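# Examining the three-dimensional arrangement
Each chain is listed here by its residues.
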Amino acid sequence: MSTSLRQAAIGVLLTADADAKAQAARDLQLRWVAGDIDRQGEDPDMPPRPARPASPQLLSPGAMPKRGRAGSPRARFALLHALAHIELNAVDLAIDMAGRWGAQMPPAFTDDWLRIADEEAQHFALLQELLRASGGRYGDLPAHDGLWESAVATADDLAARLAIVPMVLEARGLDVTPAMIERFESMGDDAAAAVLKRILIDEITHVEAGNRWFRKLCADSLTEPRDRFRELVNRYFKGPVKPPFNDSARLRAGLTTDWYMGLGTAVPASKR
Ligand SMILES: [Fe+2]
Ligand SMILES: [Fe+2]
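The sections below set out a description of the structure shown in this document. (Residues numbered from 1 in each chain as written. Chains lettered and ligands numbered in written order. Predicted model: local features only at pLDDT ≥ 70, side-chain atom pairs only at ≥ 80, totals over all residues. Heavy atoms only, no water.)

## Focus: the coordination of the iron ion (ligand 1)
When a metal carries six donors in an octahedron, the ideal angles between them are 90 or 180 degrees, while four donors in a tetrahedron ideally lie at 109.5 degrees. Only E87 (OE), E87 (OE), E120 (OE), H123 (ND1) and E203 (OE) from the protein reach the iron ion (ligand 1) as donors, at distances of 2.0 to 2.7 Å. Donor residues for the iron ion (ligand 1), ordered by position in the chain, follow E-x32-E-x2-H-x79-E. Between the iron ion (ligand 1) and the iron ion (ligand 2) the interatomic distance amounts to 3.7 Å, and E120 serves as a bridging ligand to the pair. Taken together, the positions of E87 in helix α3 (residues 73–101) and E120 in helix α4 (residues 107–133) put the pair 33 residues apart, joining distant regions of the chain. Summarising the burial analysis for this pair, E87 and E120 share the class buried. (Donors = N, O, S within 2.8 Å, 3.2 Å for Na, K, Ca; no water. Helix = DSSP H or I, 4+ residues; strand = E, 2+ residues; numbered from the N terminus. Buried < 20%, exposed > 50% of the residue type's maximum accessible area, 1.4 Å probe, protein only.)

Okay, here's the thing in structure tokens:
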């Protein structure tokens with residue numbers, strides 16, 4: 001009997017060790033492509049939170065220590081560590097997407113999110129290699145807790161999950177990555193710049209997939225997608241969606257400015 005998609009996804013989510021989780025996500029993608037996974041079948045409840053390694057220590061965003069002087073090796077390590085943490089969360093978010101909703105969506109949905117989980121796992125592994133090359137590893141510094149909050153808030157609503165995770169949070173990555181690439185290049189750090197360039201190219205496709213499935217849900221329910229997107233972001237996303245925007249990368253992902261301009265700025269997050 002082959003494993004159900006739901007069971008296999010839970011297996012990845014409940015893998016605590018970071019390198020093992022990344023490897024498990026890659027293995028699941030291979031098993032899916034090989035036809036070894038049943039999209040439907042047994043469907044135990046999804047865990048509310050993924051398992052995480054004993055280190056890094058998870059701190060509230062306000063309690064995070066300073067990264068060190070800009071341009072210093074310490075600041076570089078801290079930035080790469082923070083990015084590795086985001087990528088590890090992204091592995092869990094993509095696996096959660098497939099495990100939670102794959103059975104009720106067309107198979108192409110699972111093709112997309114397991115491919116994305118595989119890419120997030122590669123991003124994590126590339127950053128882990130950079131950390132190891134500097135004599136450390138993921139887990140050496142504390143990390144930001146709270147990246148899973150939007151997953152909890154949208155656990156029962158696929159349209160909301162797509163609107164917040166790929167279309168707001170991952171789209172934000174498109175905005176901030178080019179400046180990081182330039183910084184690394186200006187410091188002659190070609191290894192880090194190359195990893196971030198690879199990540200940026202892949203991330204455009206993640207935002208595109210989110211956008212495409214969001215539009216399909218809206219078409220199926222005869223809802224106007226842009227208005228629905230803005231309504232969901234205003235409801236579920238705590239904080240402004242702020243410029244500067246990487247309009248060209250967003251456009252390649254199918255997001256035009258009328259979707260995100262002025263979003264979330266009506267009420268300051270502190271007043272909600
Ligand atoms: Fe990524
Ligand atoms: Fe991504």
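Picking up where we left off.
## Re the coordination of the iron ion (ligand 2)
The iron ion (ligand 2) binds to the protein through E120 (OE), E170 (OE), E203 (OE), E203 (OE) and H206 (ND1); the donor distances cover 1.8 to 2.8 Å. Donor residues binding the iron ion (ligand 2) come from one chain and are separated in sequence as E-x49-E-x32-E-x2-H.

## What to know about the packing of helix α1 (residues 5–13) against α3
The contact between α1 and α3 brings their axes to 8 Å, and the two run at 160°. Regarding the angle of α1 to α3, the classification is roughly antiparallel. In this structure, the crossing between α1 and α3 has a hand that is left-handed. Here α1 contributes L5, R6, A9, V12 and L13 to the contact with α3, which in turn contributes D92, I95, D96, A98, G99 and R100. (Axes fitted to C-alpha atoms, helices over the stretch in contact; angles between N-to-C directions. Parallel < 35°, antiparallel > 145°, perpendicular 65-115°, else oblique. Left-handed = near helix turned anticlockwise from the far one by under 90°. Contact = heavy atoms within 4.5 Å.)

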